[in-house]
Amino acid sequence: MPDDGVLRLLQALDEGEGVALTRLAKRRGERVSVLLRELTLFSEATLGGVTGPGWVVLQVDDGGRWTARLTPAGRAAIGPGG
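In this report, we go over the structure that sits alongside the text. Computed from a predicted structure; not experimentally measured.

### Some thoughts on helix H2 (residues 21-28)
Three or four residues apart is the spacing at which side chains of an α-helix point the same way, because the helix has 3.6 residues per turn.
Link 1 in the chain: Listed as buried for H2 are Leu 21, Leu 24 and Ala 25. Looking straight down H2, one finds its buried side chains confined to an arc of 100°; they lie on one side. When the buried face of H2 is taken as reference, the exposed residues oriented beyond 90 degrees from it are Thr 22, Lys 26 and Arg 27.
Link 2 in the chain: On its buried face, H2 sits against helix H1 (5-13), strand E1 (19-20), helix H3 (32-40), strand E4 (56-60) and strand E5 (66-70).
Link 3 in the chain: Two residues or fewer past H2, Gly 29 is found with a positive phi of approximately 70°.

### Concerning the packing of H1 against H2
Link 1 in the chain: Interaxial distance between H1 and H2 falls to 11 Å at its minimum, and their mutual angle equals 120°. It follows from the interaxial angle that H1 and H2 lie oblique. Crossing of H1 over H2 shows right-handed handedness. From H1, Gly 5, Val 6, Leu 9, Leu 10 and Leu 13 reach across to H2, where they touch Arg 23, Leu 24, Arg 27 and Arg 28.

### A short note on the pattern of salt bridges
Oppositely charged side chains may form a pair once their charged atoms are brought near each other.
Link 1 in the chain: Under the criterion given, the structure shown has four salt bridges.
Link 2 in the chain: Across the salt bridge formed by Arg 28 and Glu 30, the nearest N and O atoms sit 3.4 Å from each other.
Link 3 in the chain: Given the relative accessible area of 24%, Glu 30 is considered partly exposed.
Link 4 in the chain: Connected via shared salt-bridge partners are Arg 28, Glu 30 and Glu 38.

### A word on the pairing of E4
Link 1 in the chain: Judged from the five bridges that link them, E4 and E5 form a sheet pairing that is antiparallel. Across the sheet, Val 60 pairs through a bridge with Trp 66, a residue of E5.
Link 2 in the chain: Here E4 folds back onto E5 in antiparallel fashion, the turn holding five residues, of which Gly 64 has a positive phi close to 85°.

Rules of the game
Residues numbered from 1 in each chain as written. Predicted model: local features only at pLDDT ≥ 70, side-chain atom pairs only at ≥ 80, totals over all residues. Heavy atoms only, no water. Buried < 20%, exposed > 50% of the residue type's maximum accessible area, 1.4 Å probe, protein only. Helix = DSSP H or I, 4+ residues; strand = E, 2+ residues; numbered from the N terminus. Arc of directions from axis to C-beta. Contact = heavy atoms within 4.5 Å. Axes fitted to C-alpha atoms, helices over the stretch in contact; angles between N-to-C directions. Parallel < 35°, antiparallel > 145°, perpendicular 65-115°, else oblique. Left-handed = near helix turned anticlockwise from the far one by under 90°. Salt bridge = Lys/Arg side-chain N within 4 Å of Asp/Glu carboxyl O. Pairing = 2+ DSSP bridges.

Read these as geometric descriptors, not functional statements.
This is how it looks when you write it as structure tokens:
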């Protein structure tokens, strides 16, 4: 499983509207493309015949800006100490 630190950061930064991937990437010192691949593993996407846990929803708007938000299952996976 990938590092869940990105989930904890997403939870900390999300104020109810999701978090821009550019903001997450800057905080983690990563490129947006790397972060997008990592978060995809936590989404409901099916990769290599395996469906992810559905902890993250990724969305792109008409301007091409990506955002991520935790699902209730994602919040539960992090737990109360997250």
